Amino acid sequence: MNQTAPVEKARRPLMALDTVLADLLARVVPIDTTETLATVQADGRVLAEDLVSALHVPPQDNSAMDGYAVRVADVTEAGVVLPISQRIAAGHAAVALQPGTCARIFTGAPVPPGADAIVMQEDTREVGGDLHAVHIDAVPRAGQWVRQAGEDVTRGAVVLRCGTRLGATSLGLAAGIGRAQLRVFARPRVALFSTGDELVMPGDVPPEQMKPGTIYNSNRFFLRVLLERLGCEVSDLGIVPDRRDLTLAALKSAADHHDLILTSGGVSVGEEDHIKPAVQALGSLDLWQVAMKPGKPFAYGTVRRDAGAGADAAKPCHFMGLPGNPVSSFVTFLLLVRPFLLKLQGAEAALWQATLRPLRVPAHFDLPRADRRREFLRVRRNAQGGLELFPNQNSGVLTSTVWADGLVDNPAGATIAHGDLVDYLPLAELLA
Ligand code: AMP
Ligand code: MG
């Protein structure tokens, strides 16, 4: 058969990932509305105020041990016997320590005025059956086992800055200065769609009755979880079939009441890919195709809002189109959508400016064939501190993302030989 060579279309160069990320971030105007939440409800949200402590933490000097509060001057040698003049339990007040005596004290109890050290219980002995006096068997240093007032937080100090992403420890710290409520930025409102006629929701059809050509919708699940973990309010709008009219309708109705429309699938070059032309018709498509693997078809644009959008009507809704292949969707979410959403909800710049913070780790694998694009390889650390490569790096293989604990950020055109130091991005950081 006589084959004609395919016509080589003039290809425009793909945009570099760093350029796309910088461009996306430049388009974000952070949300300025705030709400007040109970501290315990604020996990994953971004603090919208500086938290200033109204007190010292701990509020007063207290004991770090169960033992005896003493004056160092009274214990000049090991073995002195001191009468016990008071007993101080945590949560109870102390009176001044009489010279020449000690106080029985417990962890967290206030150090009595006049005492300047704690001798731990293990360094003391009862005086033969007498519960009112004790041998002090170790000469204490001044300040020993005393937790000083304000050693954690001083009154007037800013303990957490506006823009902090709240988590377990920061919420504990906020509670520790007496804050039962916190002012946080409003959640970004995200409309989530999956596109594709092949998609079936798990639960709708059992595996043995799946029609030929259909697959279960996995992107919807992990994208929703990733969005919720990032503090977003998600409108999960289900599956949009591969039809121009339905795609237009879905985008149009979502734009009014959301900050971002996030789709997966339908942004490639096939004629069943309706997302891009629909965004172009309803607003503008500003970025498309990134020089990365997986994730090349990523798209960004905006969708106009109607007058019905109220105060939001003047500004358009952000749109991001992720590729349909699950690993491509996952990687572009972590590297592009995540920093965008962090900036959108008022997080401090350090959290979205440097989301790619690689560690240099030796590869315990070979990558003899270089790719033209910057590649993000699914890898896992082994017991020897090196990285192993998941054997199947296809962008449809979601198993690789469960197996992996990180991504190797491999420059375009680079091969890797066993022992080479490579840039490793821990997934724990990108999923936080
Ligand atoms: P597309 O980007 O629409 O061309 O899709 C690329 C590949 O990803 C196709 O093999 C789709 O079947 C698959 N895909 C698209 N959306 C999903 C989804 N939500 N869950 C799982 N696979 C998907
Ligand atoms: Mg599709």
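So, how was this worked out
- Each chain carries its own residue numbering, running from 1 in the written order of its sequence.
- Ligands are numbered from 1 and chains lettered from A, in the order in which they are written.
- With the structure being a predicted model, the display of local features is reserved for residues of pLDDT at least 70 and the display and counting of side-chain atom pairs for 80 or more, all residues being used for whole-chain, interface and lining totals.
- No hydrogens and no water enter the side-chain calculation; it runs on all heavy atoms of the structure.
- Think of it this way: any DSSP run of H or I at least four residues long counts as a helix, any run of E at least two long counts as a strand, and we number them from the N terminus.
- Two things to know: the radius of gyration comes from C-alpha atoms, and the globule rule equals 2.2 Å times the number of residues to the power 0.38.
- Contacts are assigned to residue pairs that have any heavy atoms within 4.5 Å of one another.
- Under the convention used here, a 1.4 Å probe and the Shrake-Rupley method define accessible areas, while residue burial counts only the protein chains that appear.
- When charges are counted, Lys and Arg contribute as positive and Asp and Glu as negative, whereas His and the chain ends are disregarded.
- Every charge is mapped onto a representative atom, which is NZ of Lys, CZ of Arg, CG of Asp or CD of Glu.
- Note that the domain bounds were set by an automatic or database domain assignment.
- In this description, buried area is defined as the sum, over both parts, of the accessible area (probe of 1.4 Å) that is lost when the two are combined.
- Criterion for a salt bridge: a side-chain nitrogen of Lys or Arg within 4 Å of a carboxyl oxygen of Asp or Glu.
- Polar contacts, as used here, are pairs of N or O atoms within 3.5 Å; protein pairs need one atom able to donate a hydrogen and one able to accept it. Residues neighboring in sequence count only if both atoms are side-chain atoms.
- Nonpolar residues are Ala, Val, Leu, Ile, Met, Phe, Trp, Tyr, Cys and Pro. Charged residues are Asp, Glu, Lys and Arg, and all others, Gly as well, are polar.
- Remark: exposure states derive from per-residue accessible area (1.4 Å probe, protein chains only) relative to the maximum for the residue type, with buried under 20%, exposed over 50%, and partly exposed in between.
- Between any two strands, at least two bridges found by DSSP are needed for them to pair.
- The axes are straight lines fitted to the C-alpha atoms, using for helices just the contacting stretch, and the angles between their N-to-C directions are given from 0 to 180°.

**Student:** Can you tell me about the overall build of the protein chain, naming the residues and giving the values?
**Tutor:** Of regular secondary structure, the protein chain possesses 9 helices and 26 strands. Against the 2.2 N^0.38 benchmark of 22 Å for 432 residues, the protein chain shows a C-alpha radius of gyration of 31 Å, more extended than a compact globule. For the C-alpha atoms alone, the extent of the protein chain along its principal axes is close to 110 × 60 × 45 Å. Taking the contacts inside the protein chain whose residues are at least 6 apart along the sequence as the reference set, 70% of them involve residues at least 24 apart. Roughly 21,100 Å² of accessible area belongs to the protein chain as shown, and the carbon and sulfur atoms make up 52% of that amount. For the protein chain, the distance from the average position of its 42 positive side-chain charges to the average position of its 47 negative side-chain charges is 6 Å.

**Student:** Before we move on, can you summarise the domain arrangement of the protein chain with the specific residues and values?
**Tutor:** Considered domain by domain, the protein chain is made up of domain 1 (17–32 + 187–351), domain 2 (37–54 + 152–185), domain 3 (62–147) and domain 4 (359–430). Here domain 1 meets domain 2 over a buried area of about 820 Å², counting both sides, of which 51% is carbon and sulfur. Broken down residue by residue, the surface that domain 1 buries against domain 2 is led by R187, Q345 and E348, which jointly contribute 45%. Counting the contacts that link domain 1 with domain 2 gives 0 salt bridges. In this assembly, domain 1 and domain 2 are joined by 2 residue pairs in polar contact (both at pLDDT 80 or more). In terms of residue class, the side of domain 1 that touches domain 2 is made up of 5 nonpolar, 3 polar and 4 charged.

**Student:** Help me get a handle on the pairing of strand β25 (residues 406–410), residues and values and all.
**Tutor:** Within β25, 5 of the 5 residues are buried, which leaves it mostly tucked inside the rest of the structure. Burial along β25 is two-sided: the residues G406, V408 and N410 and L407 and D409 are all buried. Bridging between strand β23 (residues 374–381) and β25 involves 5 bridges; their strand directions are antiparallel. Each residue of the ladder has a partner; that of V379, found in β25, is G406. Examined bridge by bridge, β25 and strand β26 (residues 421–426) share 3 bridges and lie antiparallel to one another. Residue pairing in the sheet places V408 in a bridge with Y424 of β26.

**Student:** Tell me about the sheet that holds strand β21 (residues 317–322), and name the residues and values.
**Tutor:** Read from one edge to the other, the open sheet built from 6 strands follows the order β16-β13-β17-β21-β20-β18, with strand pairing classed as mixed. The open sheet terminates on both sides in strands that have one partner only, identified here as β16 (233–240) and β18 (283–288). In this sheet, adjacent strand axes meet at a mean angle of 20° when their direction is disregarded. In this sheet, β21 lies alongside strand β17 (residues 260–264) in parallel orientation, the contact comprising 5 bridges. Note on β21: the bridge partner recorded for L260 is H318. The strands that helix α6 (residues 326–344) touches are β13 (189–195), β17, β20 (299–303) and β21; relative to β21, the one it contacts most, it runs at about 160°.

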